[in-house]
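A look at the structure
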Amino acid sequence: MARRYDPERRRRIIDAAIRVVGRSGIAGLSHRSVAAEADVPLGSTTYHFKTLDELMVAALRQANEGFAKAVASRGGLEDTRTDLATELAGLLGEWLAGERTGVELEYELYLAALRRPALRPVAAEWCEDVTVLLSRRTDPVTARALVALMDGICLQVLLTDTPYDEAYARDMLDRVIPHD
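My aim in this report is to walk through the structure given alongside it, one point at a time. (Residues numbered from 1 in each chain as written. Predicted model: local features only at pLDDT ≥ 70, side-chain atom pairs only at ≥ 80, totals over all residues. Heavy atoms only, no water.)

1. Observations regarding empty space enclosed by the protein
For the structure shown, the criterion picks out one cavity of 30 Å³ or more. Approximately 70 Å³ is the volume attributed to the largest cavity. In terms of lining residues, the largest cavity is bounded by Asn-64, Phe-67, Trp-95, Glu-106, Tyr-107, Tyr-110, Trp-126 and Asp-151. Those elements that provide at least two residues to the lining of the largest cavity are helix H4 (52-73) and helix H6 (100-111). Partitioned by chemical class, the residues of the lining of the largest cavity number five nonpolar, one polar and two charged. (1 Å grid on protein atoms, 1.4 Å probe; cavity = no way out; pocket = protein on both sides within 12 Å on 5 of 7 lines; lining within 4 Å. Points joined across faces, edges and corners; volume = space filled by probe spheres on them. Helix = DSSP H or I, 4+ residues; strand = E, 2+ residues; numbered from the N terminus. Nonpolar A, V, L, I, M, F, W, Y, C, P; charged D, E, K, R; others polar.)

2. Observations concerning the nonpolar core
Membership of the largest hydrophobic core comes to 60 residues, with the highest contact counts inside it found for Leu-88, Leu-109 and Leu-134. Counting residues per element, the ones that place at least two in this core are helix H1 (9-24), helix H2 (31-38), H4, helix H5 (84-97), H6, helix H7 (120-135), helix H8 (140-160) and helix H9 (166-176). Not counting the four nearest positions on each side in its chain, Leu-134 is found in contact with Leu-84, Leu-88, Ala-143, Leu-146, Val-147 and Met-150. (Core = buried A, V, L, I, M, F, W, Y, C linked by side-chain atoms within 4.5 Å. Buried < 20%, exposed > 50% of the residue type's maximum accessible area, 1.4 Å probe, protein only. Contact = heavy atoms within 4.5 Å.)

3. With respect to the packing of aromatic side chains
Applying the stated criterion to the full structure yields three aromatic pairs. Look at Tyr-107 and Tyr-110: their rings are 5.6 Å apart centre to centre, the planes differ by 90 degrees, and that puts the pair in the edge-to-face class. Placement of both Tyr-107 and Tyr-110 in helix H6 is noted, with a separation of three residues, approximately one turn of the helix. Of the residues examined, Tyr-107 reaches a relative accessible area of 6% and is grouped as buried. Arranged with centres 5.6 Å apart and planes meeting at 70 degrees, the rings of Tyr-110 and Trp-126 form a pair that is edge-to-face. Note that Tyr-110 is positioned in helix H6 and Trp-126 in helix H7, a separation of 16 residues in sequence. Of the two residues examined, Tyr-110 and Trp-126, each falls in the buried class. Connected via pairs of aromatic rings, a cluster forms that spans Trp-95, Tyr-107, Tyr-110 and Trp-126. (Phe/Tyr/Trp six-rings, centres within 6.5 Å; stacked < 30°, edge-to-face > 60°.)

4. A word on the packing of H1 against H2
At their nearest, the axes of H1 and H2 sit 8 Å apart, and the two run at 110 degrees to each other. On the basis of the axis angle, H1 is roughly perpendicular to H2. Of the two elements, H1 crosses H2, and the hand of that crossing is right-handed. Residue-level inspection shows Arg-12, Ile-13, Ala-16, Ala-17, Arg-19, Val-20 and Arg-23 of H1 in contact with H2, the latter providing Ser-33, Val-34, Glu-37 and Ala-38. Partitioned by chemical class, the residues of the contact of H1 with H2 number six nonpolar, one polar and four charged. (Axes fitted to C-alpha atoms, helices over the stretch in contact; angles between N-to-C directions. Parallel < 35°, antiparallel > 145°, perpendicular 65-115°, else oblique. Left-handed = near helix turned anticlockwise from the far one by under 90°.)

5. Notes on the environment of Arg-10
By the element assignment, Arg-10 lies in helix H1. On the accessibility criterion, Arg-10 (39% relative accessible area) is partly exposed. Between the alpha carbons of Arg-10 and Ala-89 there is a distance of 35 Å; along the sequence they are 79 residues apart. Once you skip the residues sitting within four places of it in the chain, Arg-10 turns out to touch His-48 and Phe-49.

6. Here's the deal with the pattern of salt bridges
Two side chains bearing opposite charge may form a pair once their charged atoms approach each other closely. This model, assessed by the stated rule, comprises nine salt bridges. A salt bridge links Asp-83 to Arg-170; the nearest nitrogen and oxygen atoms lie 3.1 Å apart. Taken together, the residues Asp-83 in the loop between H4 and H5 and Arg-170 in helix H9 connect sequence positions 87 residues apart. Using a relative accessible area of 31% as the deciding quantity, one classes Asp-83 as partly exposed. A single salt-bridge network, built from bridges that share partners, covers Arg-19, Arg-23 and Glu-37. (Salt bridge = Lys/Arg side-chain N within 4 Å of Asp/Glu carboxyl O.)

7. Re the side chain of Asp-151
Counting through the fold element by element, Asp-151 comes out in helix H8. Among buried Asp, Glu, Lys and Arg side chains, Asp-151 stands out as unpaired, with Arg-144 the closest opposite charge at 9.8 Å. What Asp-151 contacts, discounting residues up to four positions off in sequence, is Tyr-107, Tyr-110 and Trp-126. (Lys, Arg positive; Asp, Glu negative; His and termini not counted.)

What follows is the structure in structure tokens.
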């Protein structure tokens, strides 16, 4: 029997891994659980991703795309006439108001880098990409501080299950941004 060419299989496996982590956490992630979720043979998951770390790296990269799209969709971040703190606070509000499971999943994969060194470069890429974007509006040191503050605000909202306070976020971000 000839093998069927399936160019989307790798992407479906990554999507399935994201769903498994979203439902069961990192602890529920295995080649077997992903293969079942993606409705592919177990050998397909191990063909595309030799280790679970490789699969988590791909999943984290794809999850990072969600925040990158949110950043890209806000043209105000590029427009020097807009207030940067207001734009960033609005961006966080949009992102946190989205599907909570997706945001939690992105952070679970992001924080998995604490125990899985293979994920650290991908987590660092996210921080660096956002820092580079914000450096267009401010200096690199301030941009890095803004990324750290946004991370902290998001973690507090997720971990304490408190509602996002956009006015508070705007005020805190504004305190970090130098004013002439």
